[in-house]
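Observations on the model geometry
Here is how the chains run, residue by residue.
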Amino acid sequence: MEIIIQPTYAKLVAVSAEIVRDALLKKPNLVLGLATGSTPIGLYEALIRMHKTDGLDFSEVTTFNLDEYVGIPPNHPYSYHTFMETHFFSAINIPSENCHIPQSTAVAHEEFCERYEATIVAAGGIDIQILGIGKDGHIGFNEPSSSLGSRTRIKTLTQSTLEANAPHFGDSVDAVPKMAITMGVGTIMDAKQCLLLASGESKAAAIAHAVEGPITAEVPASVLQMHPRTIVVIDEAAALQLKRVDYYKQVYANKQKLLSSG
Ligand code: PGA
């Protein structure tokens, strides 16, 4: 795992946007795995700026979102379909047919989940999967106890996740859908690269468990320790409970030196 610690959320966003931009410049038909939640919003804003000011081109990009609530329609104001349209898709030049998001209202859930997996494979697999992390260590909506080999399926959300997401539903925990369709942990692990973002002290324990704790289904993000190309980009507040902060900073500084020396 490469752990990049930045002083602020703005710097975290800048570093992660550069990683995505560089990959897109190398491979115009990049397959991006996308996440919702408050953390990646700054990354989407930075990519939109790059599109508008430098002409960063998304016309050949394909995207797959991690998850969607079950039981609310795609046009619901707090659906992840609406989130992605508002925060990213409407502001870049990506063809709508290239954007894939699990369907919240899919009746034949199992068939839908299998097709979602097959569509990812048909697209050549995900090149970069953007991830947030829940306070309970979830990635996507893979809550603690999720099989580390799980595939796209329906999950029931934990109380901690319902409470974290209540502000998006008029501060009412009862209004938050109780289930979601989510890529599995195994689906995420199939991505060629994972880019996990976390900001703020409320994520410090989850980050410490995921990065330095044992690999366990209790902390689904900990499985990323087994992923050959995961970059964790966090701010100082989210790094507060890590033991090896100095070492991670040294590793990053050395890598930057190596890159700048050509
Ligand atoms: P957040 O959510 O970015 O809104 O904190 C992350 C997550 O729950 O995966």
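Here's what I pulled together on the structure shown here. From a predicted model like this one, the values you see are computed outputs, not experimental measurements.

Taken in spatial order, the 3 strands make up an open sheet running 4-8-7, and their pairing is antiparallel. Either end of the sheet is taken by a strand with one partner, and the two such strands are strand 4 (67–69) and strand 7 (153–156). Direction aside, the axes of adjacent strands within the sheet are offset by 30° on average. Judged from the 4 bridges that link them, strand 7 and strand 8 (residues 179–182) form a sheet pairing that is antiparallel. If you follow Ile154 over to strand 8, its bridge partner there is Ile181.

Considering all chains together, one arrives at 7 salt bridges under this definition. With a shortest N-O distance of 2.9 Å, Glu2 and Lys255 are connected by a salt bridge. Of this pair, Glu2 sits in strand 1 (residues 2–6) while Lys255 sits in helix 8 (residues 245–260), and the two are 253 residues apart along the sequence. Of the residues examined, Glu2 reaches a relative accessible area of 17% and is grouped as buried.

This part takes up the sheet that holds strand 6 (residues 128–131). The 7 strands are arranged 1-10-9-6-2-3-5 in an open sheet whose pairing can be described as parallel. In the strand order of this sheet, the two ends are held by strand 1 and strand 5 (99–100), each with one partner. Pairing between strand 3 (residues 62–65) and strand 5: 2 bridges, direction parallel. Bridge assignment links Phe64 to a residue of strand 5, and that residue is His100.

What counts, and where the lines are drawn
Residues numbered from 1 in each chain as written. Predicted model: local features only at pLDDT ≥ 70, side-chain atom pairs only at ≥ 80, totals over all residues. Heavy atoms only, no water. Pairing = 2+ DSSP bridges. Helix = DSSP H or I, 4+ residues; strand = E, 2+ residues; numbered from the N terminus. Axes fitted to C-alpha atoms, helices over the stretch in contact; angles between N-to-C directions. Salt bridge = Lys/Arg side-chain N within 4 Å of Asp/Glu carboxyl O. Buried < 20%, exposed > 50% of the residue type's maximum accessible area, 1.4 Å probe, protein only.

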